[in-house]
2 protein chains.
Amino acid sequence: MPDETDGGAPGRRPARRPGGRTARVRARILTAAAELVARDGVSGFRYEEVAERAGVHKTSVYRNWPDRERLVADALLRYAEDLASVADTGDVHRDLVDFLVAMAGGLETPFGRALEQAVQPAGGNPAVRQAVAGILDRRVAALQRRIDAAADRGELPPVDGSFLGEMLSGPVHLIVNRGTRPFTRADADRIVGVVLAGVRATAAPA
Amino acid sequence: MPDETDGGAPGRRPARRPGGRTARVRARILTAAAELVARDGVSGFRYEEVAERAGVHKTSVYRNWPDRERLVADALLRYAEDLASVADTGDVHRDLVDFLVAMAGGLETPFGRALEQAVQPAGGNPAVRQAVAGILDRRVAALQRRIDAAADRGELPPVDGSFLGEMLSGPVHLIVNRGTRPFTRADADRIVGVVLAGVRATAAPA
DNA sequence: CATTAAAAGCAACAGGAAGTTGCTTTTAGT
DNA sequence: ACTAAAAGCAACTTCCTGTTGCTTTTAATG
């Protein structure tokens, strides 16, 4: 995650110094920020508390991240790597159900909620939103690959993978975001069942 | 101290006065708050600006709504009446597509985004969340009635209306919330097509 | 229409976080 | 070992939140 590597022209010698202490300080800040964002949401975490928790002075936080939104985004991105992946056991239905259950689990996490909040179009730097949206989309991409594989094998008719991804994950997001009831494996099973049946029926109308 | 029930029963005569000016002031505050919430999101609107926009003194806002979250909720609820309804032309598919398009239109509104934000489990008074969730759910209820009507006529197999509602509106929320591309009637048509086909296929297998 | 108390207006607070600045100290890179 | 980049530090200013005591308006009541 090199963000501010030199301006560009190599001419200047003045020696930037991303090593050693600086790197340590930045890492601690990001960790602290991520924890606080997960705890308090995107709005609601405080610079001073970040500094305190990171064991770093307030000004160091401000000077490294003059933009609050960027700090949030960098913190989220740093911890966004552990995303659910999609297995390929040969049984599409089962693989998709597993994926949805894993995805729901991730979304229910405080951290997942923070990510979710960060992509909301209301409020927030557009650049940040796009960055976070990108990492969420990587999941969909994995899903799409799995679907394409199934289509190649004839398990499914050829379909638009991103559309199918939306059909599958939309209800999951809805249920988890509302938070009024837990998302269960039975939910995932019903969703996948209806969507796959629907895709098969509409693609091959007999 | 005969019948000085200050606390509970409506017996107390000391003349509360919800009429006239008070009502006007409260209405102006709610209007202003709703506009600002729509513009700046749930977090990000300021009491002082509410007061200014309402042409009312700051303390009047604070004294009427000591709780920030309650103010937001009341403002949202006041303007949440104009919700999309579901027609019944006899053609389920068409009715549902119309509904989804209308719903997407509502969600794309700054106001819709604010509502959406208010139900997020992260951050925010649980009571408020539940209130807002309630009004969003009224839409689903209308949807459910339409579906039940179709089932009665044999257009659809008997299904769990709330499940169907989630299947249909989930993808809409997802697409609109991401905000990366516009939601079109073609989207709605595809969604309804797949879901209805899926429901028919899974309920009447073979 | 006069009375009266509820509620609005007003001004002056305290408190806390955001953000800035000038200076000193540490330390990475040569 | 030297030097400048970056961290620490302290002392600000600014803005918003939330509160309080007092004055003025005005809705409700008779």
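Since this is a predicted model, take the numbers as computed values, not measurements. (Residues numbered from 1 in each chain as written. Chains lettered and ligands numbered in written order. Predicted model: local features only at pLDDT ≥ 70, side-chain atom pairs only at ≥ 80, totals over all residues. Heavy atoms only, no water.)

### Looking at the pattern of salt bridges
Part 1 of the argument: Within the structure shown, the criterion is met by 32 salt bridges over all chains.
Part 2 of the argument: Across the salt bridge formed by D88(A) and R153(A), the nearest N and O atoms sit 2.6 Å from each other. Taken together, the residues span a long stretch of sequence, with D88(A) in the loop between α4 (68-78) and α5 (92-108) and R153(A) in the loop between α7 (126-152) and α8 (161-178) at a distance of 65 residues.
Part 3 of the argument: By relative accessible area, which is 44% here, R153(A) ends up partly exposed.
Part 4 of the argument: Residues R181(B) and E166(A) are paired through a salt bridge, measuring 2.7 Å at the closest nitrogen-oxygen approach. Of this pair, R181(B) sits in the loop between α8 (161-178) and α9 (185-203) while E166(A) sits in helix α8, placing the two residues on different chains.
Part 5 of the argument: Assessed through its relative accessible area of 30%, R181(B) is described here as partly exposed.
Part 6 of the argument: What emerges from the salt-bridge pattern is a single network uniting D88(A), D95(A), R146(A), R153(A) and E155(A). (Salt bridge = Lys/Arg side-chain N within 4 Å of Asp/Glu carboxyl O. Helix = DSSP H or I, 4+ residues; strand = E, 2+ residues; numbered from the N terminus. Buried < 20%, exposed > 50% of the residue type's maximum accessible area, 1.4 Å probe, protein only.)

### What about the packing of helix α7 (residues 126-152) of chain B against α8(B)?
Residue and element names in this part refer to chain B.
Part 1 of the argument: Contact pair α7 / α8: the axes reach a minimum separation of 9 Å and the direction vectors enclose 125°. Classified by the angle between their axes, α7 and α8 sit oblique to one another. Along this stretch, α7 crosses α8, giving a crossing that reads as right-handed. Contacts from R139, L143, Q144 and I147 of α7 reach α8 at G161, S162, L164, G165, L168 and H173.
Part 2 of the argument: Per-class residue counts for the contact of α7 with α8 are 4 nonpolar, 5 polar and 1 charged. (Axes fitted to C-alpha atoms, helices over the stretch in contact; angles between N-to-C directions. Parallel < 35°, antiparallel > 145°, perpendicular 65-115°, else oblique. Left-handed = near helix turned anticlockwise from the far one by under 90°. Contact = heavy atoms within 4.5 Å. Nonpolar A, V, L, I, M, F, W, Y, C, P; charged D, E, K, R; others polar.)

### Let's talk about the environment of A75(B)
All names here are of chain B.
Part 1 of the argument: Checked against the element boundaries, A75 lands in helix α4 (residues 68-78).
Part 2 of the argument: Under the relative-accessibility criterion, A75 is labelled buried at 0%.
Part 3 of the argument: With near-sequence residues (within four places) excluded, A75 lies in contact with L30, A33, A34 and F111.

### Quick look at the relation of the copies chain A and chain B
Part 1 of the argument: Superposing chain A onto chain B requires a rotation of 179° together with a translation of 0.0 Å along the rotation axis, leaving an RMSD of 0.1 Å. Classification of the inter-copy transformation places it as that of a two-fold axis. Considering only C-alpha atoms, the residue of chain A closest to the rotation axis is G198(A), which sits at 1.8 Å.
Part 2 of the argument: Taken as a fraction of all interface residues of chain A, those also at the interface in chain B reach 100%, which identifies the copy contact as same-surface. (Least-squares fit on C-alpha atoms with pLDDT ≥ 70 in both.)

### A short note on the side chain of H173(A)
Part 1 of the argument: Mapped onto the elements, H173(A) comes out in helix α8.
Part 2 of the argument: Excluding anything up to four places from it in sequence, H173(A) contacts M103(A), L107(A), E116(A), R139(A), L174(B) and R178(B).

### What to know about the interface of chain A and chain B
Part 1 of the argument: Tallying the contact residues gives 33 residues for chain A and 33 residues for chain B.
Part 2 of the argument: Summed over the shared surface of chain A and chain B, the result is 5 residue pairs in polar contact (both at pLDDT 80 or more).
Part 3 of the argument: Elements with a minimum of two residues in the side of chain A that touches chain B: α6 (110-119), α8 and α9 (185-203) of chain A.
Part 4 of the argument: Sorting elements by how many residues they give to the side of chain A that touches chain B places α8(A) first, with 12 residues. (Polar contact = N/O pair within 3.5 Å; in protein donor to acceptor, adjacent residues only side chain to side chain.)

### Section: the UniProt feature "DNA-binding region" (unreviewed entry) in chain A
Part 1 of the argument: Sites flagged by UniProt as "DNA-binding region" (unreviewed entry) map to residues 46-65 of chain A.
Part 2 of the argument: From the first C-alpha to the last, residues 46-65 of chain A spans 13 Å; its make-up is 75% helix and 0% strand. (UniProt positions renumbered as here; feature names shortened; annotations may be inferred.)

### A closer look at the packing of aromatic side chains
All names here are of chain B.
Part 1 of the argument: Per the stated rule, a full pass over the model turns up 4 aromatic pairs over all chains.
Part 2 of the argument: When the ring of Y47 is compared with that of Y62, the centres are 4.4 Å apart and the planes differ by 25°; the resulting orientation is stacked. With Y47 in helix α2 (residues 47-54) and Y62 in helix α3 (residues 58-64), this pair connects stretches of sequence that are 15 residues apart.
Part 3 of the argument: The exposure class of Y47 is buried, given its relative accessible area of 6%. (Phe/Tyr/Trp six-rings, centres within 6.5 Å; stacked < 30°, edge-to-face > 60°.)

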